[in-house]
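Observations on chain architecture
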Amino acid sequence: MANAKNVYGNPLQLCCGNTGFTREGFCYVPDADVGNHSVCAVMTDEFLQFSLQQGNDLITPWPSMAFSGLLAGDRWCLCAARWLQAYEAGVAPKVRLAATHERALDIIPLSVLEAHAAE
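The shown structure was predicted, so the numbers you read here are calculated from the model rather than taken from an experiment.

Criteria and cut-off values
- Residues numbered from 1 in each chain as written.
- Predicted model: local features only at pLDDT ≥ 70, side-chain atom pairs only at ≥ 80, totals over all residues.
- Heavy atoms only, no water.
- Disulfide = S-S within 2.5 Å.
- Helix = DSSP H or I, 4+ residues; strand = E, 2+ residues; numbered from the N terminus.
- Salt bridge = Lys/Arg side-chain N within 4 Å of Asp/Glu carboxyl O.
- Buried < 20%, exposed > 50% of the residue type's maximum accessible area, 1.4 Å probe, protein only.
- Axes fitted to C-alpha atoms, helices over the stretch in contact; angles between N-to-C directions.
- Parallel < 35°, antiparallel > 145°, perpendicular 65-115°, else oblique.
- Left-handed = near helix turned anticlockwise from the far one by under 90°.
- Contact = heavy atoms within 4.5 Å.
- Nonpolar A, V, L, I, M, F, W, Y, C, P; charged D, E, K, R; others polar.
- Polar contact = N/O pair within 3.5 Å; in protein donor to acceptor, adjacent residues only side chain to side chain.
- Pairing = 2+ DSSP bridges.

All right, on to the state of the cysteines then. Scanning all chains against the criterion turns up two disulfides. One disulfide bridge connects C15 with C40, the sulfur atoms lying 2.2 Å from each other. Negative torsions about the S-S bond denote left-handed disulfides, and the value of about 85 degrees found for C15 with C40 makes this one right-handed. Of this pair, C15 sits in the segment before strand 1 (39–42) while C40 sits in strand 1, placing them 25 residues apart in sequence.

Encoded structure:
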């Protein structure tokens, strides 16, 4: 994490608390993260419903996993492939580029991310 870079090659910024594969708030991608949870996205009701329909319930709290559930406006480290799937379905949430890890670019073109920038 110490040298993690965002999509612009700058130091990766914090996405939010208790998010990401490591639950450290940064969307960096350690070797164990085969899901590439690199996209710092700002949740919308539309995206959360889409994710639920795809079998990934991000809404329901799971206290045993220290997960309180997400609401519109919350930030979360999404899998790059899921974000791209949502983009193709027309429901991609906005992205905080400074907090999106450079590994997102393995799957999503920078121009597409920039078109959905939250900043």
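Okay, back to it.
A complete count under the given rule lists one salt bridge for this structure. A salt bridge links D106 to R103; the shortest N-O distance between them is 2.8 Å. Using a relative accessible area of 55% as the deciding quantity, one classes D106 as exposed. Owing to a relative accessible area of 33%, R103 belongs among the partly exposed residues under this scheme.

The phi dihedral of N36 falls on the positive side, at around 55 degrees, and the residue is not glycine. For N36, the location among the structural elements is in the segment before strand 1.

The next point concerns the packing of helix 1 (residues 45–53) against helix 2 (residues 80–88). Between helix 1 and helix 2, the least distance of the axes is 11 Å, while the angle of their chain directions is 110 degrees. Taken together, the axes of helix 1 and helix 2 lie roughly perpendicular to each other. In this structure, the crossing between helix 1 and helix 2 has a hand that is right-handed. In this structure, helix 1 contributes F47, F50 and S51 to the contact, and helix 2 contributes R82, Q85 and A86. For the contact of helix 1 with helix 2, the residue count by class is three nonpolar, two polar and one charged.

What follows concerns the side chain of S51. When you line up the elements, S51 lands in helix 1. Reaching out from S51, the side chain makes a polar contact with the backbone oxygen of N56 at a distance of 2.8 Å.

One face of the sheet, then the other: side chains in a regular strand alternate in exactly this way. The sheet contact formed by strand 1 and strand 2 (residues 75–78) spans four bridges and is antiparallel. Looking at the pairing, V42 lines up with R75 of strand 2. Two strands pair when backbone bridges link them, and strand 1 and strand 3 (residues 94–95) are joined in this way by two bridges, in the antiparallel orientation. Along strand 3, the bridge assignment pairs A41 with V95.

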